[in-house]
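Take a look at the letters that make up each chain.
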Amino acid sequence: MRWDNLGETPAAPADIALFGTDAVTTRTFDTPEFRGITCHEVRARSILNRVPGASRMPFEWTVNPYRGCTHACVYCFARKTHSYLDLDTGLGFDSQIVVKVNAPELLARQLASARWQGAHIAMGTNVDCYQRAEGRYGLMPGILTALRDRANPFSILTKGTLILRDLELLTQAARVTEVGISVSVGFTDRELWRTVEPGTPSPQHRLDVVRTLGAHGIDCGVLMAPVVPFLGDRPEQLRETVRAIAEAGASSVTPLVLHLRPGAREWFMQWLRRHHPGLVGRYERMYADGAYAPTWYQRRITRQVHELAAEFGIGPAQRGAARRIAVPEEPSLAAAPEQLTLL
C-alpha cells in the first residue's frame, strides 16, 4: 500500500502526506457486522481538506474521517480515491477502511489556529462519516464537539442512521452556528436498494431519520441521489419516492442523476452486466460522452421531481445553503461562543 503519498491531492509529495507508514495499524474484527472488513488505523497530519477550485461542489472545505466505505454502493464516485493508496477500487473500497483515529483532536487544533477563518465545512461528501466503522470508532462526537465549541458552520450528508446517536450534539451546535443536515435517498424500491446499496440502512430507515430529526426541531433535506436511469426513473417510481420523502417531513428534495466517474464506472458496469445485461448497451450510449448523463435527461428528471415536490408540498434546497436548526431559546444555556468570521 502506498501510504506515504496520501496527500490532499493525488500528486502530493511525501513531505506533506497526511500520514506515513509508521503511523498505520491494521486491525480485523471477528464480529458478524465486520466480517471480511479490514480497518487501517492512521494518525492523520491534516483533517481539513480544501476542495479543488475546479470542483462543481458548492463548498470549499471538507472533513473526511474515513476512506473507503462499507455502504458498498456500486455507483460511489469516491471509489477512485482508493487507487491513490494502491488499494482496489472495487471490493477493496468496500472492505479496506482507512480510519483517521486522531480526527477529532486534530480538527480541534486546526479550528483553533489563527489562520482558520471559520469557513463552512462539509462532511459526508466523499464517503459517509456515519458508515459502519463509526459505530466502533466513534469519531463524529469529537468532531461535532470541536465544531460546536468554535461555532463553526457545517453540513452533513449521510445514508447512516447512526447520526441519531449524535442528536444532542447537533442540537447544541445549532444554537451557536449554521447546521445543515441532508439524508441521501435516491429511491424506495427495496429490490434495487438491496443490490445497488447492499451495506446501507434501507431507504425506509433513512426516511425514519428524517422524521426523527424533524420531530426534534431539526430541518432535514433529502438528496434524491442517485436517480438510476432505466431502473429507478419511471414516473411511478419517482412519484413514490417523492411521496415517501414528503411524508417523512423533509424540508426539501433535490434530485441528482447517477454519474459514473472513473473507478465507479468500471465497478458499476460490472454490476450491470451481472444483474441487468440488457441495459449495458443503453448505458454505454447514455454515458458515451463522459461521467454525466446527457443534459436533456438530467433536466427532465429535475423537472419531474420538482413538479412532484410542489404537488406534495416540498421544494428543492438552495444550492450550497446550510439550514439553521430552529431550537427554542433556553435561559439556562451558557453564553454561546463567539461566531467566527466567514470567508
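Rules of the game
Residues numbered from 1 in each chain as written. Predicted model: local features only at pLDDT ≥ 70, side-chain atom pairs only at ≥ 80, totals over all residues. Heavy atoms only, no water. Pairing = 2+ DSSP bridges. Helix = DSSP H or I, 4+ residues; strand = E, 2+ residues; numbered from the N terminus. Polar contact = N/O pair within 3.5 Å; in protein donor to acceptor, adjacent residues only side chain to side chain. Contact = heavy atoms within 4.5 Å. Axes fitted to C-alpha atoms, helices over the stretch in contact; angles between N-to-C directions. Parallel < 35°, antiparallel > 145°, perpendicular 65-115°, else oblique. Left-handed = near helix turned anticlockwise from the far one by under 90°. Nonpolar A, V, L, I, M, F, W, Y, C, P; charged D, E, K, R; others polar.

*Asks:* Whenever I open this one, the sheet that holds strand β6 (residues 96-100) confuses me. Can you help?
*Replies:* Within a sheet, neighbouring strands are paired by backbone hydrogen bonds and run either parallel or antiparallel to one another. Pairing is mixed in the open sheet, where 4 strands are placed in the order β1-β2-β6-β5. Here the strands that pair on one side only, and so sit at the sheet edges, are β1 (24-28) and β5 (66-67). The pairing of β1 with strand β2 (residues 38-42) spans 5 bridges and is antiparallel. Pairing of V24 across the sheet is with V42, part of β2.

*Asks:* Whenever I open this one, the side chain of Q131 confuses me. Can you help?
*Replies:* Within the element layout of this structure, Q131 appears in the loop between β7 (121-123) and α3 (132-137). Within the structure, the side chain of Q131 is placed 2.9 Å from the backbone oxygen of G68, a separation counted as a polar contact. A polar contact of 3.4 Å, which involves the side chain of Q131, links it to the backbone oxygen of D128. Leave out the neighbours within four places in its chain, and Q131 touches Y66, G68, C69, T70, H71, I97 and L162.

*Asks:* Please explain the packing of helix α2 (residues 103-111) against helix α4 (residues 140-149) as it appears in this structure.
*Replies:* Between two packed helices, both the angle of their axes relative to each other and the distance between the axes serve to describe the pair. Between α2 and α4, the shortest axis-to-axis distance is 8 Å and the interhelical angle comes to 15 degrees. Accordingly, the angle class assigned to the pair α2 and α4 is roughly parallel. Crossing geometry of α2 relative to α4 is assigned as right-handed. Side by side, α2 and α4 meet where A103, P104, L107, A108 and L111 of the first sit next to G142, I143, A146 and L147 of the second. For the contact of α2 with α4, a count of residues per class yields 8 nonpolar, 1 polar and no charged.

Function-wise, these values are silent; they only describe arrangement.
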